[in-house]
Amino acid sequence: MSATAKRQPERYPVIVVGGGGTGGAILHDLTLRGIEAVLVERGELTSGTTGRHHGQLHSGARYAFNDPESAVECVEENEILRRIARPALELNDGLFVALSEAEEAFSEPFLERCRACGIPTRLVDGKTALALEPKLNPRVRLAIQVPDGTIDAWRLPMMFFATARTNGADVRTFTEAIGLESAAGRVTGVQVLDRRTDRQYTIQGDLVVNAAGPWAGQVAGMAGATVPIQPTPGVMVAVRGRLANMVINRLSPPGDADIIVPQRNLSVVGTTSWFVDTPEEALVCPEGHIERMIEKGSEMIPALTAAPVRAAWVAARPLIGGKNGEGGRAMSRAFRCYDHQAEDGVDGLVSVAGGKATTLRGMAETVVDLVCTKLGLEAPCRTRETVLLPHKAFFSKG
Ligand SMILES: Cc1cc2nc3c(=O)[nH]c(=O)nc-3n(C[C@H](O)[C@H](O)[C@H](O)COP(=O)(O)OP(=O)(O)OC[C@H]3O[C@@H](n4cnc5c(N)ncnc54)[C@H](O)[C@@H]3O)c2cc1C
């Protein structure tokens with residue numbers, strides 16, 4: 001008899017919708033607090049935005065100027081991930097490089113804002129920057145070293161899934177939430193479609209956590225609730241060869257192609273930013289974006305122009321808010337957690353949106369604190385100090 005057939009009707013205290021990094025971190029946190037949970041993901045784990053991001057472990061410096069809330073979240077979570085998820089990270093640091101007089105002048109307010117957010121910095125002159133990264137544009141005037149790094153976009157979330165599953169969580173892939181069941185103004189379960197067998201069934205729950213990333217608005221909409229998601233895609237281009245060892249950022253307010261992240265023997269340049277109405281529209285790379293990545297990125301590392309392109313891809317940021325700011329650059333990267341009882345009069349449903357791959361653990365802590373309050377449980381978060389299992393452990397449990 002299958003595990004599914006044993007439980008009739010199936011009932012879990014918590015059902016998580018969405019198997020990206022955020023859903024994985026939530027499942028891990030729930031499990032550590034002793035809350036039985038199931039996660040449904042309509043595709044493979046990490047098949048949404050999580051498996052296709054840029055791979056920068058943010059120190060927060062990129063957001064220190066325009067988005068200090070997100071910057072503080074990043075620097076705090078960066079430190080925690082170093083302790084609990086070391087094998088998924090490369091601790092190679094980052095350099096913000098100034099190539100013009102205006103960028104050199106930007107260094108002062110930038111350092112000031114980093115200090116205010118608690119982000120460690122080290123100012124180096126152009127000669128030292130070139131000694132650290134010989135392929136930088138020789139015009140580099142100065143650079144600021146920060147604790148950025150490289151994330152393995154797949155291994156990091158899989159470490160959360162591996163630990164959660166080993167601790168008893170139920171993870172169901174190719175299982176799509178197609179409806180939310182309600183009774184008396186309260187969500188009572190999730191109708192799912194098993195995409196392998198075409199079977200539809202219902203999982204009942206005390207609480208549903210919507211962690212569907214750029215699709216969070218669609219999932220909340222199944223219960224008549226709202227999450228103001230603005231899907232905001234960006235293009236990334238990987239070229240062959242490791243052109244720098246550190247993460248190279250432009251010392252200016254965020255713009256196109258201003259980050260180059262080394263990933264194994266590749267260099268990934270990104271990104272652009274524009275608005276779409278649905279995340280599905282973010283599957284196509286708009287004309288001219290790849291060329292723009294190479295052209296702008298090569299201002300920081302001229303060798304980029306001659307490097308063979310290995311791949312290019314697009315992913316949609318699950319940002320919160322309306323279409324304000326140029327292509328989404330002005331929108332905060334901070335996250336929000338929604339209790340739909342308070343927001344829309346729909347009980348039994350909680351959503352989380354926004355944030356970064358770097359802040360997935362912190363997002364989960366906030367969500368699960370709310371889950372505990374709603375379920376009347378007192379169970380402290382233990383994810384800050386719990387070292388995660390290796391990603392391979394996910395596959396060793398049948
Ligand atoms: C261009 C770009 C570059 C980025 N670079 C970085 C970076 O360098 N560093 C960083 O820290 N962050 C970066 N980010 C941000 C980061 O990728 C996201 O914040 C993070 O991956 C979001 O994860 P998530 O789990 O919330 O969403 P997702 O990974 O999208 O997960 C949501 C999941 O829900 C599933 N789902 C949707 N609807 C249903 C349904 N009805 N039933 C079941 N499952 C469903 C989807 O299939 C998906 O797997 C970048 C984002 C973009 C777009």
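Just above, that's the structure.
Residues numbered from 1 in each chain as written. Predicted model: local features only at pLDDT ≥ 70, side-chain atom pairs only at ≥ 80, totals over all residues. Heavy atoms only, no water.

Asker: It is not clear to me how the pattern of salt bridges should be interpreted in this structure. Could you clarify?
Answerer: Pairing of side chains with opposite charge becomes possible as their charged atoms draw close. In total, this model carries 23 salt bridges according to the counting rule given. Taking the shortest distance from any N to any O, the salt bridge between arginine 141 and glutamate 104 comes out at 2.6 Å. Of this pair, arginine 141 sits in the loop between helix H5 (126-132) and strand E7 (142-146) while glutamate 104 sits in helix H4 (residues 101-117), and the two are 37 residues apart along the sequence. On the basis of relative accessibility, which here comes to 37%, the residue arginine 141 falls in the partly exposed class. Two residues, aspartate 347 and arginine 186, come together in a salt bridge whose shortest N-O distance is 2.8 Å. Placement of aspartate 347 in the loop between helix H9 (340-344) and strand E19 (349-354) and of arginine 186 in strand E11 (residues 186-194) is noted, with a sequence separation of 161 residues between them. (Salt bridge = Lys/Arg side-chain N within 4 Å of Asp/Glu carboxyl O. Helix = DSSP H or I, 4+ residues; strand = E, 2+ residues; numbered from the N terminus. Buried < 20%, exposed > 50% of the residue type's maximum accessible area, 1.4 Å probe, protein only.)

Asker: Explanation requested: the pairing of strand E2 (residues 37-40) in the structure shown.
Answerer: A regular strand carries its side chains on alternate faces of the sheet. Of the two faces of E2, both are covered, the one formed by Ala37 and Leu39 as well as the one formed by Val38 and Val40. In this structure, strand E1 (residues 11-17) lies alongside E2, joined through four bridges in parallel fashion. Across the sheet, residue valine 16 finds its bridge partner in E2, namely leucine 39. The parallel pair E1 and E2, bridged by helix H2 (residues 21-32), forms a crossover whose chirality is right-handed. Here E2 pairs with strand E9 (residues 170-172) via three bridges, running parallel. The partner of valine 40 across the bridge, within E9, is arginine 172. (Pairing = 2+ DSSP bridges. Right-handed = clockwise from strand over helix to strand, strands pointing away.)

Asker: Can you walk me through empty space enclosed by the protein in this structure?
Answerer: Applying the stated criterion across every chain, the model contains two cavities of 30 Å³ or more. What the largest cavity holds in volume is close to 60 Å³. As for the largest cavity, its lining consists of Ala61, Arg62, Phe65, Phe96, Phe106, Phe110, Arg250, Ser252, Pro253, Pro254 and Asp258. Among the residues making up the lining of the largest cavity, the classes are represented as seven nonpolar, one polar and three charged. Estimated volume of the second largest cavity: approximately 50 Å³. Every residue along the wall of the second largest cavity is listed here: Thr49, Arg52, Trp215, Pro279, Ala282, Leu283, Val314, Ala315 and Ala316. (1 Å grid on protein atoms, 1.4 Å probe; cavity = no way out; pocket = protein on both sides within 12 Å on 5 of 7 lines; lining within 4 Å. Points joined across faces, edges and corners; volume = space filled by probe spheres on them. Nonpolar A, V, L, I, M, F, W, Y, C, P; charged D, E, K, R; others polar.)

Asker: Whenever I open this one, the packing of H2 against helix H10 (residues 360-375) confuses me. Can you help?
Answerer: The relative placement of two packed helices is expressed as an angle between their axes plus a distance between the axes. At a minimum axis separation of 8 Å, H2 and H10 run at an interaxial angle of 50°. Put simply, H2 runs oblique to H10. Seen along the crossing, H2 lies across H10 with a hand that is right-handed. Between H2 and H10, the residues in contact are Gly21, Thr22, Ala25, Ile26, Asp29 and Leu30 and Leu360, Arg361, Met363, Ala364, Glu365, Val367, Val368 and Val371, respectively. For the contact of H2 with H10, the residue count by class is nine nonpolar, two polar and three charged. (Axes fitted to C-alpha atoms, helices over the stretch in contact; angles between N-to-C directions. Parallel < 35°, antiparallel > 145°, perpendicular 65-115°, else oblique. Left-handed = near helix turned anticlockwise from the far one by under 90°. Contact = heavy atoms within 4.5 Å.)

Asker: Just checking my understanding: could you explain the sheet that holds strand E8 (residues 149-151) for this structure?
Answerer: Hydrogen bonds along the backbone pair up the strands of a sheet, which may run parallel or antiparallel. What the three strands build is an open sheet, ordered E3-E8-E4; its pairing is antiparallel. Of all the strands in the sheet, the pair left with one neighbour each is strand E3 (56-57) and strand E4 (89-90). Direction of pairing for E4 relative to E8: antiparallel, over a ladder of two bridges. Considered in E8, the bridge of leucine 89 is made with isoleucine 151.

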